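Breakdown of the fold
Take a look at the letters that make up each chain.
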Amino acid sequence: MQVYLDNAATTPLDPEVFEAMKPYLLDHFGNPSSIHSHGRQVRSAIEQSRRTIADLLNTSPAEIFFTSGGTEADNTAILCTVESSGLNHVITSRIEHHAVLHTVQHLEKAGKITVSYVQLDNTGNVDLQHLKQLLLSNGPSLVTLMHANNEIGNLTDISAVGELCKEHHSIFHSDTVQAMAHYPHDLQKIEVHCLAGSAHKFHGPKGIGFMYLKADHKICPFVHGGAQERNMRGGTENVTGIVGLAKALELAYQNMEEHQRYIQGLKTYMIDKLSDTVPGVTFNGLSSSPEGSLYTVLNVSLPATNDNEMLLFNLDINGVSASGGSACSSGTSVGSHVLTALGGDPNRGSVRFSFSKFNTIQEIDYVVQKLGVDLRSKV
Ligand code: PLP
């Protein structure tokens, strides 16, 4: 049996998304910047896609900029905000994705900013009281905190963070890559200046994403060249990607509650099964909490064995794709920076299982059984 439980890394393309993209691979090939009919037809598909995304997020198409994915959206929001706003203090957390952490660290190294890390509790929750203190003592800042953590699934209350940022005249960027299309984002209700989406995390194609940029938050162009993306990002657009992105987001919004119920059901089933069959199993961060974490992510902490590193390898041999990485042991930087920041035990094995609408209960049974057999043979 082949089982794919690595949907936080990437998801399979939805066949309906592929059908929507196909005409823009085969028939409608014009350059969207050309003014003849071949070009106009493709321009219209891009602008219709932008409108679809804007409508779903309850915002204006002028605030949606297409990018090559989540990494580019995060980089752009952070680098261009610092360049354009004059802010020289950034607040973030130690469990952000590297698309955020490495960008912030790059600016710090270049001497352009100082960085404060907000405190987290031992399950990885952002301490909002500490965030408030940091805002009070440092003045207007760029705050970059993710909505949903890609390793442990923890959800941050981005509405509360946005309100705090507004109160303290600060800019708020949120990496929403893992939450986008899984939870509704109503941009008339959340006080956020920039956020990021990536199509391949919700059954769209790879290499395409978008950045939301609030109209009154002006930043410098991020790719110099032609006049594409309203002079902000030069270069001929990834038309098929854009069409696929909009279709994938549309499908996700149409069926969001149904998918949430179904996928949460798979996750709860796996939590129960593992708890019954694997002695000493625990769950990292808040990943076993239905309210506190993404319904798509379960980060399993397994009792120490003499070859924890073999866990993923053995799963792979049995046809199961998942991902992982334990907390780093002292003196090494190999492993998960997220579990390390939470003070995880480097001797325990950790596996991140992440689910999609295409997974089944039979697959979960198979994975739990293989994992149980593997552990029993080693303890
Ligand atoms: N941010 C988070 C939280 C992610 O999980 C990922 C992808 O793993 C990214 C950013 C990067 O997205 P992309 O692969 O589209 O560059």
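Residues numbered from 1 in each chain as written. Predicted model: local features only at pLDDT ≥ 70, side-chain atom pairs only at ≥ 80, totals over all residues. Heavy atoms only, no water.

1. Focus: the overall build of the protein
Assigned secondary structure in the protein consists of twelve helices and 13 strands. The dimensions of the protein, computed from C-alpha atoms along their principal axes, are 65 × 55 × 35 Å. Here the protein holds 379 residues, and the buried ones make up 55% of them. The long-range fraction of contacts in the protein, counting pairs at least 24 apart against all pairs at least 6 apart in sequence, stands at 72%. Of the charged side chains in the protein, 27 are positive and 38 negative; the average position of the first set lies 3 Å away from that of the second. (Helix = DSSP H or I, 4+ residues; strand = E, 2+ residues; numbered from the N terminus. Buried < 20%, exposed > 50% of the residue type's maximum accessible area, 1.4 Å probe, protein only. Contact = heavy atoms within 4.5 Å. Lys, Arg positive; Asp, Glu negative; His and termini not counted. Charge placed at Lys NZ, Arg CZ, Asp CG, Glu CD.)

2. Here we look at the site of the ligand
As a matter of local geometry, the ligand sits amid 13 residues, with T71, D175, Q178, S198 and K201 nearest to it. One of the backbone N or O atoms of G70 is found 2.8 Å from an oxygen atom in the ligand. Interatomic distance of 2.6 Å between a side-chain N/O atom of K201 and an oxygen atom of the ligand. Summarising the interface, the protein chains cover 85% of the accessible area of the ligand, which totals 390 Å² for the free molecule. The element contributing the most residues to the shell around the ligand is helix α3 (residues 70-85), with three residues. Across the shell around the ligand, the residue classes break down as two nonpolar, eight polar and three charged. (Near = heavy atom within 4 Å. Polar contact = N/O pair within 3.5 Å; in protein donor to acceptor, adjacent residues only side chain to side chain. Areas by Shrake-Rupley, 256 points an atom, 1.4 Å probe, with all protein chains shown as cover. Nonpolar A, V, L, I, M, F, W, Y, C, P; charged D, E, K, R; others polar.)

3. Thoughts on helix α8 (residues 239-254)
Given a rise of 1.5 Å per residue, 16 residues ought to cover 22 Å, and the 23 Å separating the end C-alpha atoms of α8 matches this to within 8%. For α8, the buried fraction is high: 13 of the 16 residues fall into the buried class. (Expected span 1.5 Å × (residues − 1).)

4. Considerations on the sheet that holds strand β12 (residues 323-324)
In space, the four strands of this open sheet follow the order β9-β10-β13-β12, with antiparallel pairing throughout. Only two strands of the sheet have a single neighbouring strand rather than two, namely β9 (282-283) and β12. The pairing of β12 with strand β13 (residues 349-354) spans two bridges and is antiparallel. Opposite G324, over in β13, you have V351 as the bridge partner. Seen against the sheet, helix α9 (residues 256-277) touches β9, β10 (297-302) and β13 and runs at an angle of roughly 10° to β10. (Pairing = 2+ DSSP bridges. Axes fitted to C-alpha atoms, helices over the stretch in contact; angles between N-to-C directions.)

5. Here we look at the domain arrangement of the protein
The assigned domain composition of the protein is domain 1 (15-254) and domain 2 (256-378). Between the C-alpha centres of domain 1 and domain 2 there is a distance of 28 Å. Interface area for domain 1 against domain 2, summed over the two sides, is near 2100 Å², with a carbon-plus-sulfur share of 60%. Among the residues of domain 1 in contact with domain 2, E151, I152 and H203 are the three that bury the most area, contributing 31% of the side total. Applying the counting rule to domain 1 against domain 2 returns zero salt bridges. Connecting domain 1 to domain 2 are eleven residue pairs in polar contact (both at pLDDT 80 or more). (Domains from an automatic or database assignment. Buried area = accessible area lost by both parts, 1.4 Å probe. Salt bridge = Lys/Arg side-chain N within 4 Å of Asp/Glu carboxyl O.)

6. Description of the packing of aromatic side chains
For the coordinates displayed, the defined rule picks out one aromatic pair. Aromatic side chains Y183 and Y295 sit 5.4 Å apart centroid to centroid with 65° between the ring planes, which places their arrangement in the edge-to-face category. Of this pair, Y183 sits in the loop between β6 (171-174) and β7 (194-198) while Y295 sits in the loop between β9 and β10; the two residues are 112 residues apart in sequence, bridging distant segments of the chain. For the residue pair Y183 and Y295, the accessibility class agrees, reading buried in each case. In this structure, R94 packs its charged tip against the face of Y117, placed 3.8 Å from the ring centre. In this structure, R230 packs its charged tip against the face of F65, placed 4.3 Å from the ring centre. (Phe/Tyr/Trp six-rings, centres within 6.5 Å; stacked < 30°, edge-to-face > 60°. Lys NZ or Arg CZ within 6 Å of the ring centre and 35° of its normal.)

7. Points about the state of the cysteines
Applying the stated criterion across every chain, the model contains zero disulfides. Here C194 is not disulfide-linked; the sulfur of C80 is the nearest cysteine sulfur, at 9.5 Å. Since its relative accessible area comes to 0%, C194 is described here as buried. Residue C220 stays outside any disulfide, its sulfur separated by 3.7 Å from that of C80, the closest cysteine. Of the residues examined, C220 reaches a relative accessible area of 16% and is grouped as buried. (Disulfide = S-S within 2.5 Å.)

8. Structural notes on the pairing of β7
Burial analysis of β7 places five of its five residues in the buried class, which makes it a mostly covered element. What you see with β7 is no split at all: C194, A196 and S198 on one side and L195 and G197 on the other are buried throughout. Pairing geometry for β6 and β7, over two bridges, is parallel. Residue pairing in the sheet places H173 in a bridge with C194 of β7. One ladder, built from five bridges, connects β7 with strand β8 (residues 209-213); its direction is antiparallel. Within β8, the residue paired with L195 across the bridge is Y212.

9. Here's the deal with the nonpolar core
If you look at the biggest cluster of nonpolar residues, it comprises 45 residues, and the most contacted ones within it are I53, L131 and V143. Among the secondary structure elements, those contributing two or more residues to this core are α1 (15-26), α2 (37-56), β2 (64-67), α5 (128-138), α6 (158-167), β8 and α8. Looking at this core, the element that brings in the most residues is α8, giving ten residues. Discounting chain neighbours no more than four positions away, the residues touching I53 are I64, F66, F210, L245, A246 and L249. Counting residues in hydrophobic clusters, the runner-up holds 33 residues, among them I263, L266, F355 and V368. (Core = buried A, V, L, I, M, F, W, Y, C linked by side-chain atoms within 4.5 Å.)

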